[in-house]
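An overview of the molecular structure
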Amino acid sequence: MIAYLLAATLSCDAALTALFTPLHPILGRYEVCTTGDPLDQVAAPAPDGPKYGPSEMLEPLEAFGAAGPYDRAALARLYAGRRVRVARGWIERDGEFESITLLSPYPDATLARLHPGTMVIKWTMSR
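The following paragraphs examine the structure supplied in this document. Here the structure is a predicted model, which is why all the values come from computation and not from measurement.

Turning to the pattern of salt bridges, a few remarks are in order. Tallied over the entire structure, the rule returns seven salt bridges. Notably, a salt bridge pairs Glu-96 with Arg-29, separated by 3.0 Å at the nearest N-O pair. Of the two residues, Glu-96 sits in strand β6 (residues 96–104) while Arg-29 sits in strand β2 (residues 29–35), which places them 67 residues apart along the sequence. On the basis of relative accessible area, Glu-96 is assigned to the partly exposed category, the value being 23%. Note on Arg-29: relative accessible area 43%, which makes it partly exposed. Here Arg-83 ties to Glu-59 by a salt bridge, and the two come within 3.1 Å at their closest N and O atoms. Taken as a pair, Arg-83 in the loop between α4 (72–79) and β5 (84–93) and Glu-59 in the loop between β4 (56–58) and α3 (60–64) lie far apart in primary sequence, 24 residues in all. In this structure Glu-59 comes out as partly exposed when scored by relative accessible area, which is 36%. Linked by salt bridges that have partners in common, Glu-31, Glu-98 and Lys-122 make up one network.

Laid out in structure tokens, this is it:
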């Protein structure tokens, strides 16, 4: 679980992880979670939390990348010309490095509906 977010507001989803991350990462592990909280709130500075760069607006296929086996045409149709707000961050603690990508709005696992909250894609590597 992503400890720096309140567990009550975060829901991790194996189906989203399978869609948007590599099937067999060479290093580390991936987890995809979602929250109804807006991206600004998730990326808000916290003393012991991740450090995020400024958010940017990206085309959906650029935002979600090419690592996962999701249907690219379905994702493009779902966003219908809308852009995705993306913030990238990282944190290192307790012998682990985490790379975090925040995306909003985000799709459901069927690529049929957009949700207004934030998707959190986390890659963790133990040292």
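Moving on from the coordinates now.
Turning to α4, a few remarks are in order. Within α4, the full set of buried residues consists of Ala-74, Leu-75, Leu-78 and Tyr-79. The buried residues of α4 occupy one face: seen down the axis, they fall within an arc of 130 degrees. As for α4, its buried residues are in contact with α1 (14–20), α3, β5, β7 (106–107) and β8 (114–115). Looking at where α4 begins, the residue whose side-chain oxygen comes 3.1 Å from the main-chain nitrogen of Ala-73 is Asp-71. Within two residues after α4, Ala-80 carries a phi angle of roughly 45 degrees, on the positive side.

Cut-offs and rules
Residues numbered from 1 in each chain as written. Predicted model: local features only at pLDDT ≥ 70, side-chain atom pairs only at ≥ 80, totals over all residues. Heavy atoms only, no water. Salt bridge = Lys/Arg side-chain N within 4 Å of Asp/Glu carboxyl O. Helix = DSSP H or I, 4+ residues; strand = E, 2+ residues; numbered from the N terminus. Buried < 20%, exposed > 50% of the residue type's maximum accessible area, 1.4 Å probe, protein only. Arc of directions from axis to C-beta. Contact = heavy atoms within 4.5 Å. Polar contact = N/O pair within 3.5 Å; in protein donor to acceptor, adjacent residues only side chain to side chain.

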